[in-house]
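The residues making up each chain are set out below.
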Amino acid sequence: MQNQLDKVKEKCLLCEKCSLCKTRTNIVFDDGFANSKLMLIGEAPGFYEDQQGKPFVGKAGQLLDKIFASVGLTRNEHVYICNTLKCRPPENRNPLPEEKEACWEYLKAQIDIIKPKIILLCGNVAVQSILPNIGGITKIRGKWYQGGDVVHGAKLMPIFHPSYLLRNDSREKGSPKWLMWQDIQEIKREYDKL
Ligand code: URA
């Protein structure tokens, strides 16, 4: 499995399919446990990810690790983490359609190799890449969706992006953070059944 991932990564390292190749410092391919039943797909690398070549290492990533840790999951032992885009968009702007299209082959290859049983779609960009036209994250988060052939029948759950949680600090009942804690507990219950 690692061999297969390495091959895709090698190709990705040379990628010039979209203009983000001109501004990237590093390709941000993946992190975590490749043999996992649980995969998380985020949006795109930010400043720190671009610098370090690793997904979710900035503030949002630290919060993500805490959310997983609250139910006893760690990225090294339990979760395979990657992004919709492997290169940072300048100033962290939203990915363009042509960038998502160019990068899809790498994300698809990662899904095909890992064949996770559960995929967490973290934020709207990730949701759109796998469940297009399903609606905004606020309505669909925390619900299970049955994935088709493209994800090998994995169960899909849209969740809030940790950057959104960083901008909404309340922990009151019904707040985004509170909802995220409900969602991660539901995810852990499903994970424990696998
Ligand atoms: N946000 C993402 O969606 N992915 C990262 O890797 C970092 C921040």
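The structure displayed is predicted, hence computed values, not measured ones.

**Q** How should I be thinking about the site of the ligand in this particular structure?
**A** The environment of the ligand is made up of Gly-42, Glu-43, Ala-44, Glu-49, Pro-55, Phe-56, Asn-83 and His-161. Backbone polar atom of Phe-56 to an oxygen atom of the ligand: 2.9 Å apart, as the coordinates give it. A distance of 2.8 Å separates an oxygen atom of the ligand from a polar side-chain atom of Asn-83. Protein chains shield 93% of the accessible area of the ligand, which is 240 Å² for the free molecule. The pocket occupied by the ligand, as judged from atoms lying within 2 Å of grid points, is the largest pocket.

**Q** Quick question: what am I supposed to make of the packing of helix α3 (residues 59-69) against helix α8 (residues 176-193) here?
**A** For any two helices packed against each other, one specifies the inter-axial angle together with the distance between the axes. Orientation of α3 relative to α8, taken along the N-to-C sense of each, is 50°, at an axis distance of 9 Å. By the angle between their axes, α3 is oblique relative to α8. Relative to α8, α3 is oriented so that their crossing is right-handed. Between α3, through Leu-63, Ile-67 and Phe-68, and α8, the contact on the second element is made entirely by Met-180, Trp-181 and Ile-184. Looking at the contact of α3 with α8, its residues break down into 6 nonpolar, no polar and no charged.

**Q** Hey, could you run me through the sheet that holds strand β6 (residues 155-159) in this one?
**A** By definition, the strands of a sheet pair up through backbone hydrogen bonds, in either a parallel or an antiparallel sense. Taking strand neighbours across the sheet as the criterion, the 6 strands line up as β1-β3-β2-β4-β6-β5 in an open arrangement whose pairing is mixed. Of all strands in the sheet, those with a lone pairing partner are β1 (31-32) and β5 (145-146), marking the two edges. For strand β4 (residues 118-122) and β6, the ladder comprises 5 bridges, and the chain directions are parallel. Bridge pairing in β6 places Leu-121 opposite Pro-158. The strands touched by α3 within the sheet are β2 (38-42), β3 (79-83) and β4, with β2 carrying the most contacts at an inclination of about 155°.

**Q** Got a minute to help me understand the nonpolar core in this structure?
**A** Across soluble globular proteins, nonpolar side chains have a tendency to be buried as a group. In terms of nonpolar packing, the biggest core is built from 56 residues, with Leu-38, Leu-40, Ile-41, Phe-68, Ile-119, Leu-120 and Leu-121 touching the most fellow members. With residues near it in sequence (within four places) discarded, Ile-119 still touches Met-39, Ile-41, Ile-111, Val-151, Ala-154, Lys-155, Leu-156 and Met-157.

**Q** How should α3 be read in this particular structure?
**A** In an α-helix there are 3.6 residues to a turn, and that puts residues three or four apart on one side. Burial in α3 covers these residues: Ala-60, Gly-61, Leu-63, Leu-64, Ile-67 and Phe-68. Angularly, the buried residues of α3 cover 160° about the axis, an arc narrow enough to put them on a single face. Facing away from the buried surface of α3 by more than 90 degrees, the exposed residues are Lys-59, Gln-62 and Lys-66. Tucked into the core, α3 has its buried residues touching β2, β3, β4, α7 (162-167) and α8.

Reading guide: rules and limits
- Residues numbered from 1 in each chain as written.
- Predicted model: local features only at pLDDT ≥ 70, side-chain atom pairs only at ≥ 80, totals over all residues.
- Heavy atoms only, no water.
- Near = heavy atom within 4 Å.
- Polar contact = N/O pair within 3.5 Å; in protein donor to acceptor, adjacent residues only side chain to side chain.
- Areas by Shrake-Rupley, 256 points an atom, 1.4 Å probe, with all protein chains shown as cover.
- 1 Å grid on protein atoms, 1.4 Å probe; cavity = no way out; pocket = protein on both sides within 12 Å on 5 of 7 lines; lining within 4 Å.
- Sits in = over half its atoms within 2 Å of the grid points.
- Axes fitted to C-alpha atoms, helices over the stretch in contact; angles between N-to-C directions.
- Helix = DSSP H or I, 4+ residues; strand = E, 2+ residues; numbered from the N terminus.
- Parallel < 35°, antiparallel > 145°, perpendicular 65-115°, else oblique.
- Left-handed = near helix turned anticlockwise from the far one by under 90°.
- Contact = heavy atoms within 4.5 Å.
- Nonpolar A, V, L, I, M, F, W, Y, C, P; charged D, E, K, R; others polar.
- Pairing = 2+ DSSP bridges.
- Core = buried A, V, L, I, M, F, W, Y, C linked by side-chain atoms within 4.5 Å.
- Buried < 20%, exposed > 50% of the residue type's maximum accessible area, 1.4 Å probe, protein only.
- Arc of directions from axis to C-beta.

Shape descriptors only; they carry no functional weight alone.
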